Amino acid sequence: MNDAVAKVQLTRAMMEQAIAISPFTNWVGTRLLDFEPGRVRIATTIRPEMTQHHGFAHGAIVGYMADTVCAWAAASVVGDVVTSEYKLNLLAPAVGEELTAIGTVIKAGGRQVVTRADVFAVKDGAEKIVATALATIARV
């Protein structure tokens, strides 16, 4: 096994461990669907306690999905990271049974990684984009 493959496998294992040991990530029910260098996809089931007064997934949950997938996409390239900042555009109510998010690395530099996320609500099997974000992720 070459070093690049080993690094990706180790980083994926770190993300799966984060799900297991992080109380909030665990409470949200985050599932890691796809993981490759520079691109990560996650999902969660929308439960009633995750919704706001109109029945949509709460913006905090949508923001969590964007933040998490951006950080994990960055980690897939540079290792351990923390979010420095992100801007979230809420595009539509997050109505459905599930949220999915795709994070991609735009540019990885020496100290920071610029990433993008798109968050989708899945209702009756159909995906609808509900948010998009840009994030700056810092290496630890």
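Here, the structure is the one placed above.
None of the values given here were measured: they were computed from a predicted structure.

A. Molecular detail of the pattern of salt bridges. Throughout the structure, instances matching the rule amount to 5 salt bridges. Across the pair Arg12 and Glu16 runs a salt bridge whose closest N-O atoms are separated by 3.0 Å. A residue pair is termed a helical-turn pair when its members lie 3 or 4 positions apart in one helix, as Arg12 and Glu16 do in helix α1 (residues 3-21) at 4 residues. The exposure class assigned to Arg12 is partly exposed, which follows from its relative accessible area of 27%. Classification of Glu16 by relative accessible area gives partly exposed; the value is 38%. Here Glu49 and Arg47 are joined by a salt bridge, their closest N and O atoms 2.7 Å apart.

B. Representation of the sheet that holds strand β4 (residues 98-108) in the model. If you walk across this open sheet you meet the 6 strands as β1-β2-β4-β5-β6-β3, and the pairing is antiparallel. Two strands in the sheet have a free side with no partner beyond their single neighbour: β1 (31-36) and β3 (81-90). The mean angle between the axes of side-by-side strands here comes to 20°, regardless of whether they run parallel or antiparallel. The strands touched by helix α3 (residues 59-78) within the sheet are β1, β2 (39-45), β3, β4, β5 (112-123) and β6 (126-139), with β4 carrying the most contacts at an inclination of about 40°.

C. Molecular detail of the packing of aromatic side chains. Within the structure shown, the criterion is met by 2 aromatic pairs. With a centroid separation of 5.3 Å and an interplanar angle of 75°, the aromatic rings of Phe24 and Tyr64 are classed as edge-to-face. Remark: Tyr64 occurs in helix α3 and Phe24 occurs in helix α2 (residues 23-28); sequence separation between them is 40 residues. Taken together, the ring pairs in this structure connect Phe24, Trp27 and Tyr64 into an aromatic cluster. Sitting above the plane of the Trp27 ring, Arg47 keeps its charged end 4.7 Å from the centroid.

Rules used in this analysis
Residues numbered from 1 in each chain as written. Predicted model: local features only at pLDDT ≥ 70, side-chain atom pairs only at ≥ 80, totals over all residues. Heavy atoms only, no water. Salt bridge = Lys/Arg side-chain N within 4 Å of Asp/Glu carboxyl O. Helix = DSSP H or I, 4+ residues; strand = E, 2+ residues; numbered from the N terminus. Buried < 20%, exposed > 50% of the residue type's maximum accessible area, 1.4 Å probe, protein only. Pairing = 2+ DSSP bridges. Axes fitted to C-alpha atoms, helices over the stretch in contact; angles between N-to-C directions. Contact = heavy atoms within 4.5 Å. Phe/Tyr/Trp six-rings, centres within 6.5 Å; stacked < 30°, edge-to-face > 60°. Lys NZ or Arg CZ within 6 Å of the ring centre and 35° of its normal.

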